[in-house]
Amino acid sequence: MPVPWFLLSLALGRNPVVISLERTVGPQDAARCSPGLSCQLRAGDVLCLPGSIESAPGPVLVPTYLQTELVLRCRQETSCDLCVRVTVHLAVHGRWEEPKDEKSGGAAELELKEPRNASLQAQVLLSFQSYPTTRCVLLEVQVPAAQVQPGQPVGSLVFDCFEAALGTEVRIWSYTQPRYQKELNLTQQLPVLPWLNVTADGDNVRLVLNVSEEQHFGLLLYWNQVQGPLKRWLHRNLTGPQTIILNHTDLVPCLCIQVWPLEPDPVRTSICPFKEDPRAHRNLWRAARLRLLSPRSWWLDAPCSLPAEVTLCWQSPGGDPCQPLIPPLPLENVTVNKAIEFPVLKGHPNLCVQVRSWEKVQLQECLWSGSLGPLKDDVLLVETQGQKDNRSLCALEPSGCTPLPSRAATKAARLGEQLLRDLHAGHCLQLWDGDLGALWACPVDKYVHRRWALVWLACLLLAAALLLLLFLRKDHGKAAADGARAALLLYSADDAAFERLVGALASALSRLPLRVAVDLWSRRELSAQGPLAWLHARRRQTLQERGVVVLLFSPGAVALCREWLQGEPPAPGAHGPHDAFAASLSCVLPDFLQGRAPGRYVAACFDGLLAPDAVPAPFRAVPLFSLPSQLRGFLDALQGARAARPGRLEDSAEQVARALRPVLDSCFRPPPLGMGPGPGAGLE
C-alpha cells in the first residue's frame, strides 16, 4: 500500500533532508543477526500459538528485550510505506545439569563434553498486530558453542519489517518455540499526520487539512461504534488545503476522522479526538432516545456506546421520584441500538425505564404511558423470596417499602387488609414473576371512591341530594362548561408508531384542564358498540358539553378524506374494527361542508409527518396547527375561554412538547448511510 513520499515527509518532518529514516528497497521481508550468529527467515507467515511454558532441558536461547525503529520500504523512488523494524535481543537461559550417577572411563567424559561443545539453536517467533493487520513470522537462529555462556547475552536478531499506517497503535510479541518463559510484548503508538489539526473556535470545531493545492485526498467522518460496523456521517473527496467546520452539538465521543490519498490501495489514517471531550459526552446523552418496540421489548438509540446501566422503576402519579425496582429486578448494562426484552409479564403505565451512569439518572421514559393511558393510582406490591421458601409482601411507597400488614401511618398501611384480599382474590395484575419474588399492581381508586361516598352520605341530607340531582340535570351544560373542557381526539390508525404518537399526545393533554377521550382508551366499548355508534355518542356528548373535536391528520387520514370528498366512501370495515376516524367522516364532513364546524372543531398535524398544506381545503376552515411547533396556539384553541395565563400556557406547551418529541423522533427512520454530509457540517 504505497504512500506518496511527500505525505510521509509532512508526517515526519518539514524538510525531507532532515528526516533520518532508513529506506529499504523491495517488497520482501528480510532478517539478519549480529556477528557470530547465523539466522534464517522462514518463508511466509506462520500460525502463532504460544502454548504453555516448558522446563528448559539445559541452556536455551530466549528473547530478553524488544526494540522498534521506523523505516521506509520503498517500491519506487517516491512511493514508500511506513514500516516497523523489530530487533530481538537474545541471551542464554539455564545451565547444564551435572550427571547424578558416576560413570567410569572415557565414555562418561565424552557424553558430558559433546553437548557442552555443541551450538545452540532456537526458533524465535514475532507476532504483530495493527488494525486491521495481523502477522506472525518465524526466525531460526544458531549460536556457536564458544558464545554459549549461561545468563549472558549472545547478540540480536533484526527483522525487516511490518508495515503499519501513521497514527495507528502496534503491538508486538516475541517468544521461542518451545516456550521457556513468558513472552515479551511491546505496544507503540505511531505518529499521526500533523497536517490534520483539530482546534476549537467558539461554539464550532475546525478540522484543518494543510496539504498542497494539487493533492487529492478523501475525508470520512464516522461513528466508531463498538457494537456493529462503523457508521458513516460525512464523506468528501477534496483537493488542496481545506477547513471543515463542525458545530459543537455534532460532537460525540465516538466521532472519528479518517484521511487518505486518492490512489489505489491507500493507507488510511484515523484519529478519534473527542473521546475525552466533556461536550461530546453531554451531546451523547442528549441524543440518546428510548422507545418501545413491542409490549415486552425496547430500544435505546444512540450514536455511541454508553457506559451505563438500566433498570425498571415505578412512577407514582403524585410527582415523586421514580423508584428503582432493585431488588428484585436486576441492574443490567446498557446495549445501544439493539432490541432488549423487558423482564416483565405485563405492561403498565407506571413502569418506566431508567438509565443510570455514575449513580446519576441520565434517561427515564415511561414507555407504556402512551399506549396504556396516563399514570394510575395503583399500589405496587413487592413479593420477595426469603430463606426456607418464606415469602414476604410489602407495598412500594415514596418513603420505602411498607410491610403488609402494618400499623404505619401510610396510605398502603391503611389499605393493607383490602390489598391483601384483592391479591388473593386475583384482582391485582401480576407484572413480574421470578426466582427472587414477584411484582403486583393493585388498583386502589375504588377504596378512595368508597371513602368519599361515606363522607357524602354522612354530610348530606336526602333532600339536599335530590335538589343537587335536579340542579345537575337542569344545568348539565353549564356545569361542564365551568369545569375542564372535553376534547375528543379523532385520527386514522396508519400504523403502530402513529398510534403511540397519538397516545402520547392524549396522555400529555389529560394532565391539563382537559377531559380527553380517544379510542385507544376505549377499545372494549369500541368493540362492543362498533366504531360508528361509539363515535356518534362521544361526538354528541362532547359538543353538548361545549367541548371540542380534534382532527389529527396523517397521510392515511388525508387519503380517507379525499375518498369521501370524491364521493367514494370506503367500504365498511375496510380500515379495521377500531378505526373511528373512517366511521367519523359520515357525520364530521357535513359539519364542514355546511359551515357548522368553526368553534366546535380544531385540526392538527405533526411536524415532519404531514405538511399543513396537504390537509384538504374544507378542513382548513377551522384552526389548523402543526405540532409541536405550534403547541401554544393549539392549547389556546383547545381550552377556549378557560385558557390559562400566558406564563402557564407556555409551561403547558413545553410540558406537552417534552412528551411528544421522543415519540415523534421514533416515527422517523434513521437516515441512510450515504456519501452526503451530515447535519451541521460545512466547507470553507
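Residues numbered from 1 in each chain as written. Predicted model: local features only at pLDDT ≥ 70, side-chain atom pairs only at ≥ 80, totals over all residues. Heavy atoms only, no water.

You'll find the chain entered in an unreviewed UniProt entry as Interleukin-17 receptor C, with Chinchilla lanigera given as the organism.

Trainee: Could you give an account of the overall build of the chain, with specific residues and numbers?
Mentor: Along its length, the chain carries 15 helices and 37 strands. Taking all 684 residues of the chain together, the buried fraction comes to 43%. At a minimum sequence separation of 6, the contacts of the chain that also span at least 24 residues come to 67%. Per element, the accessible surface of the chain, about 35,800 Å² overall, is 54% carbon and sulfur. (Helix = DSSP H or I, 4+ residues; strand = E, 2+ residues; numbered from the N terminus. Buried < 20%, exposed > 50% of the residue type's maximum accessible area, 1.4 Å probe, protein only. Contact = heavy atoms within 4.5 Å. Areas by Shrake-Rupley, 256 points an atom, 1.4 Å probe, with all protein chains shown as cover.)

Trainee: Could you give me a rundown of the sheet that holds strand 36 (residues 624-627), with the residues and numbers involved?
Mentor: Taking strand neighbours across the sheet as the criterion, the 5 strands line up as 33-32-34-35-36 in an open arrangement whose pairing is parallel. Lying at the two open borders of the sheet, with one neighbouring strand each, are strand 33 (514-518) and strand 36. Going from strand to strand, the sheet's axes swing by 25 degrees on average, the running direction of each strand aside. (Pairing = 2+ DSSP bridges. Axes fitted to C-alpha atoms, helices over the stretch in contact; angles between N-to-C directions.)

Trainee: So what's going on with the sheet that holds strand 17 (residues 255-261)? Residues and values would help.
Mentor: What the 4 strands build is an open sheet, ordered 15-14-17-18; its pairing is antiparallel. Unpaired on one side and paired on the other, strand 15 (231-239) and strand 18 (269-271) mark the two borders of the sheet. Direction aside, neighbouring strands of the sheet carry axes that sit 15 degrees apart on average. Note that strand 17 and strand 18 share 3 bridges and pair antiparallel. Across the sheet, the residue bridging to Gln258 is Ser270, located in strand 18.

Trainee: How would you explain the pattern of salt bridges if you had to name every residue and give the values?
Mentor: Tallied over the entire structure, the rule returns 23 salt bridges. Of the charged contacts, one joins Asp665 and Arg289 as a salt bridge, the two residues approaching to 3.2 Å between their closest N and O atoms. Here Asp665, found in helix 15 (residues 646-666), pairs with Arg289, found in strand 19 (residues 289-294); they are 376 residues apart in sequence, far enough to count as distant. Judged by its relative accessible area of 36%, Asp665 falls in the partly exposed class. By relative accessible area, Arg289 is classed as partly exposed at 30%. With its nearest N and O atoms 3.9 Å apart, the salt bridge here joins Arg661 to Glu654. Among the charged side chains, a salt-bridge network with shared partners connects Asp29, Asp45, Arg73, Arg135 and Glu163. (Salt bridge = Lys/Arg side-chain N within 4 Å of Asp/Glu carboxyl O.)

Trainee: Give me the nonpolar core: which residues, what numbers.
Mentor: Residues Leu246, Leu255, Trp298, Leu300, Leu306, Leu325 and Phe342 are the most contacted members of the largest nonpolar core, which totals 56 residues. At 4 residues, the largest contribution of residues to this core is made by strand 14 (residues 216-223). Excluding residues within four positions of it along the chain, Leu306 makes contact with Leu284, Trp285, Ala288, Leu300, Val334 and Val336. (Core = buried A, V, L, I, M, F, W, Y, C linked by side-chain atoms within 4.5 Å.)

Trainee: Lay out the state of the cysteines in plain terms, naming residues and giving numbers.
Mentor: Following the criterion strictly, the structure yields 8 disulfides and no others. Disulfide pairing is shown between Cys83 and Cys161; the S-S distance is 1.9 Å. Handedness of the Cys83-Cys161 disulfide follows from its S-S torsion of about 95 degrees: it is right-handed. On the criterion of sequence distance, the pair formed by Cys83 in strand 6 (residues 79-93) and Cys161 in strand 9 (residues 153-163) is long-range, its members being 78 residues apart. Taken individually, Cys83 and Cys161 each receive the classification buried, so the pair is uniform in this respect. Note on cysteine connectivity: Cys256 is disulfide-linked to Cys272, with sulfurs 1.9 Å apart. Disulfide Cys256-Cys272: the torsion about the S-S bond is 100 degrees, which places it as right-handed. Of this pair, Cys256 sits in strand 17 while Cys272 is found in the loop between strand 18 and helix 3 (278-287), placing the two residues 16 residues apart along the sequence. A relative accessible area of 1% means that Cys256 is categorised as buried. (Disulfide = S-S within 2.5 Å.)

Trainee: Run through helix 15, naming residues and quoting values.
Mentor: Taking 1.5 Å as the rise per residue, helix 15 with 21 residues should run 30 Å; its terminal C-alpha atoms sit 31 Å apart, in good agreement. The sharpest bend along helix 15 comes to roughly 30 degrees, located at Leu660, with the proline Pro662 sitting one to four residues further on. Every buried residue of helix 15 is accounted for by Leu649, Ser652, Ala653, Val656, Ala657, Leu660, Pro662, Val663, Leu664 and Ser666. Buried residues belonging to helix 15 abut strand 19, strand 26 (360-365), helix 9 (496-510), strand 35 (601-606), strand 36 and helix 14 (631-639). (Expected span 1.5 Å × (residues − 1). Bend = angle between axes of the 7 residues up to and from the residue.)

Trainee: Can you lay out the pairing of strand 10 (residues 169-176) for me, pointing to particular residues and giving the numbers?
Mentor: Relative to strand 10, strand 7 (residues 120-130) is paired through 6 bridges, and the arrangement is antiparallel. For Leu125, the partnering residue across the bridge sits in strand 10 and is Tyr175.

Trainee: Go over the confidence of the model for the chain, please, and point to the residues and values.
Mentor: Here the chain averages 79 in pLDDT, while 80% of its residues score no lower than 70. Ranking the helices and strands of the chain by mean pLDDT puts strand 35 first, with 94, and strand 37 (residues 681-683) last, with 38. For the stretch residues 107-114, pLDDT sits under 50, and the model shows 5 contacts to residues farther than four places along the chain or on other chains. Low pLDDT, under 50, characterises residues 475-481; the stretch is placed with 7 contacts to residues that sit more than four places away or in other chains. (pLDDT = per-residue confidence, 0-100.)

Trainee: Could you give me a rundown of the pairing of strand 17, with the residues and numbers involved?
Mentor: The buried fraction of strand 17 amounts to 7 of the 7 residues, a majority that puts the element mostly inside the structure. In this sheet, strand 17 lies alongside strand 14 in antiparallel orientation, the contact comprising 7 bridges. What sits directly across from Leu219, in strand 17, is Val259.

Trainee: So what about helix 14? Which residues, and what values?
Mentor: Along helix 14, the positions that sit buried rather than exposed are Leu631, Phe634, Leu635, Leu638 and Gln639. The buried residues of helix 14 occupy one face: seen down the axis, they fall within an arc of 120 degrees. Phi turns positive, to about 60 degrees, at Gly640, one or two residues after helix 14. (Arc of directions from axis to C-beta.)

Trainee: Tell me about the packing of aromatic side chains, residues and numbers included.
Mentor: Taken as a whole, this structure holds 9 aromatic pairs when the rule is applied. Relative to Phe162, the ring of Phe159 has its centre 4.7 Å away and its plane inclined at 45 degrees; by these criteria the two rings are tilted. Taking the relative accessible area as the measure of exposure, Phe159 reaches 1% and is therefore buried. Measuring from ring centre to ring centre gives 6.5 Å for Tyr491 and Phe498, while their planes differ by 50 degrees; the resulting arrangement is tilted. Owing to a relative accessible area of 2%, Tyr491 belongs among the buried residues under this scheme. Following the ring pairs from residue to residue traces out a cluster consisting of Phe553, Phe592, Tyr601 and Phe619. (Phe/Tyr/Trp six-rings, centres within 6.5 Å; stacked < 30°, edge-to-face > 60°.)

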